[in-house]
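Commentary on secondary and tertiary structure
One letter stands for each residue in the lines below.
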Amino acid sequence: MSRVPDPSVVRVNGPWTHRDVSANGIRLHVAELGDGPLVLLLHGFPEFWWSWRHQLTALADAGYRAVAVDLRGYGDSDKPPRGYDGFTLAGDIAGLVRALGDQRAHLVGHAWGGMLAWTVGAIHPRVVASVSALAAPHPLALRRAVWRTPRSYGYVFRFQLPMYPERWLTRENAVTVARLLHAWSGPKWRVAPEFDEVIRRNRQAMLVPGVAHSAMEYYRWAMRSQLRSDGRRFVDAVDRRLSVPVLQLHGALDPVIREQTALASKQWLGAGSEFRSLPEVGHFLNQEVPHTTSRILTEFIGRN
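Summary of the structure given here.

**Digging into the packing of aromatic side chains**
Evaluation of the coordinates by the stated rule reveals 21 aromatic pairs. Between Trp-189 and Phe-284, the ring centres sit 5.9 Å apart and the planes meet at 45°, which makes this aromatic pair tilted. Residue Trp-189 is located in helix 7 (residues 187-190), and its partner Phe-284 is located in the loop between strand 8 (274-278) and helix 12 (285-288); the two are separated by 95 residues in the primary sequence. The burial state of Trp-189 is the same as that of Phe-284; both residues are buried. Across from the ring centre of Trp-50, 5.4 Å away, lies the NZ or CZ of Arg-201, which sits over that ring.

The structure is reproduced here in structure tokens:
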């Protein structure tokens, strides 16, 4: 494994098309497949667009235009020094919807991507047709959980340190990524034939220059902004019930985000929302049980 891979290494071959899209002042790399209503797929940490490979094909087969994006700072998207605050990240997604030529999109996000989908639904409701949040409570529900049970979220506090977390993520060819994926997954996926490839590709993607630092900046803004005026403005902006339905999909064995934290998002749910818990599944449910996840997503999006 190369210690400094070129960003193009994340452009994994498949039935999808890779392209670059300009949105909100930066270049975002996307993988696209299918025609029809737009479904925008937003990955989590420590991943990149490829985590949605199963849903790209399933949604395209179901008659949708599925687009998986490398979020700002990840994969082959731009990695500017700033812009990892909730407002700018939401602007990236709203701008991407318009840049793709659509007025609205169904947003599907996992973990960080799911919390970003919640945020776009609150701040830019006109571009959102529905929100599907996988292993992702509302940002304010997670904030409350972090302060109520800080020991459960010790990694969030460790990520606030300067430079050390980046070195920790990338040391020994990003062995930490392998350990996180293993620790946060359900037991069945750890022995699946594809798991070795998942480990290899995500380690490689984390070693792309700038990715580790950008990934940490998401966590740093989320914590540090709570003491600043921009953090208070963010709370005011997202503390509202969404105007669209929300599908909450959660792995019953998720060790990162507890099910009760996701359930604490009730006050922000739009009409027609649903909560589904998947047994024997960990944090990465869109990859651990891809067929079940794709079926539930397709049915929910089809109703909205």
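Read on for the rest.
**Comments concerning helix 2 (residues 86-99)**
Its 14 residues give helix 2 an end-to-end C-alpha distance of 20 Å, which sits within 8% of 20 Å, the value for a rise of 1.5 Å per residue. Here helix 2 lies mainly inside the structure; ten of its 14 residues are buried. Considered for burial, the residues of helix 2 that qualify are Gly-86, Leu-89, Ala-90, Gly-91, Asp-92, Ile-93, Ala-94, Gly-95, Leu-96 and Val-97. Positive backbone phi, at 90°, marks Gly-101, one or two positions downstream of helix 2.

**Some words on the environment of Ala-117**
Here Ala-117 shows up in helix 3 (residues 112-123). Residue Ala-117 is classed as buried on the basis of its relative accessible area of 0%. As a C-alpha pair, Ala-117 and Ala-183 span 66 residues in sequence and 25 Å in three-dimensional space. Not counting residues within four places of it along the chain, the set of residues in contact with Ala-117 comprises Leu-42, Leu-107 and Val-131.

**So, the pairing of strand 7 (residues 246-251)**
A large share of strand 7 lies buried, amounting to six of its six residues. Across the two faces of strand 7 the burial is the same, with Val-246, Gln-248 and His-250 and Leu-247, Leu-249 and Gly-251 all buried. Relative to strand 7, strand 6 (residues 128-134) is paired through four bridges, and the arrangement is parallel. Residue pairing across strands places Ser-132 opposite Leu-247, the latter belonging to strand 7.

**A closer look at empty space enclosed by the protein**
One pass over the structure, following the stated rule, counts two cavities of 30 Å³ or more. Of the pockets and cavities examined, the largest cavity occupies roughly 490 Å³. For the largest cavity, the lining is made up of 32 residues, of which Trp-112, Met-115, Pro-139, Leu-142 and Ala-222 are closest to its centre. Mapped onto the lining of the largest cavity, the elements with two or more residues apiece are helix 2, helix 3, helix 4 (139-148), helix 5 (154-158) and helix 9 (211-224). Of the residues in the lining of the largest cavity, the class split is 27 nonpolar, four polar and one charged. Volume-wise, the second largest cavity comes out at about 40 Å³.

**A short note on the sheet that holds strand 6**
What the eight strands build is an open sheet, ordered 1-2-4-3-5-6-7-8; its pairing is mixed. Of all the strands in the sheet, just strand 1 (17-23) and strand 8 have a single pairing partner and so form its edges. Neighbouring strand axes in the sheet, compared pairwise and without regard to direction, differ in orientation by 25° on average. With four bridges joining them, strand 2 (residues 26-33) and strand 4 (residues 65-69) adopt antiparallel strand pairing. Note that in strand 4 the partner of Val-30 across the bridge is Val-69. Set on the sheet, helix 3 makes contact with strand 3 (38-42), strand 5 (105-110), strand 6 and strand 7; between it and strand 5 the angle comes to about 145°.

**Examining the pattern of salt bridges**
Tallied over the full model, the rule gives 18 salt bridges. Ionic pairing is found between Glu-280 and Lys-188, a salt bridge with its closest N-O pair at 2.9 Å. Placement of the pair is Glu-280 in the loop between strand 8 and helix 12 and Lys-188 in helix 7, with a sequence separation of 92 residues. Here the salt bridges do not stand alone but share partners, grouping Arg-11, Asp-20, Arg-27, Asp-76 and Asp-78 into one network.

**What to know about the nonpolar core**
Ranked by internal contacts, the top residues of the largest apolar core, which has 107 residues, are Leu-40, Leu-41, Phe-45, Trp-49, Leu-96 and Leu-169. Beyond its immediate sequence surroundings of up to four residues, Leu-40 is in contact with Val-67, Ile-93, Leu-96, Val-97, Leu-100, Ala-105, His-106, Leu-107 and Val-108.

**Re the side chain of Ser-214**
Along the polypeptide, Ser-214 turns up in helix 9. Here the side chain of Ser-214 touches Tyr-84 through a polar contact of 3.1 Å, side chain to side chain. Residues contacting Ser-214, with those up to four places away along its chain left out, are Gly-73, Lys-79 and Tyr-84.

What counts, and where the lines are drawn
- Residues numbered from 1 in each chain as written.
- Predicted model: local features only at pLDDT ≥ 70, side-chain atom pairs only at ≥ 80, totals over all residues.
- Heavy atoms only, no water.
- Phe/Tyr/Trp six-rings, centres within 6.5 Å; stacked < 30°, edge-to-face > 60°.
- Helix = DSSP H or I, 4+ residues; strand = E, 2+ residues; numbered from the N terminus.
- Buried < 20%, exposed > 50% of the residue type's maximum accessible area, 1.4 Å probe, protein only.
- Lys NZ or Arg CZ within 6 Å of the ring centre and 35° of its normal.
- Expected span 1.5 Å × (residues − 1).
- Contact = heavy atoms within 4.5 Å.
- Pairing = 2+ DSSP bridges.
- 1 Å grid on protein atoms, 1.4 Å probe; cavity = no way out; pocket = protein on both sides within 12 Å on 5 of 7 lines; lining within 4 Å.
- Points joined across faces, edges and corners; volume = space filled by probe spheres on them.
- Nonpolar A, V, L, I, M, F, W, Y, C, P; charged D, E, K, R; others polar.
- Axes fitted to C-alpha atoms, helices over the stretch in contact; angles between N-to-C directions.
- Salt bridge = Lys/Arg side-chain N within 4 Å of Asp/Glu carboxyl O.
- Core = buried A, V, L, I, M, F, W, Y, C linked by side-chain atoms within 4.5 Å.
- Polar contact = N/O pair within 3.5 Å; in protein donor to acceptor, adjacent residues only side chain to side chain.

Everything listed here is a matter of coordinates, which is why it stays silent on function.
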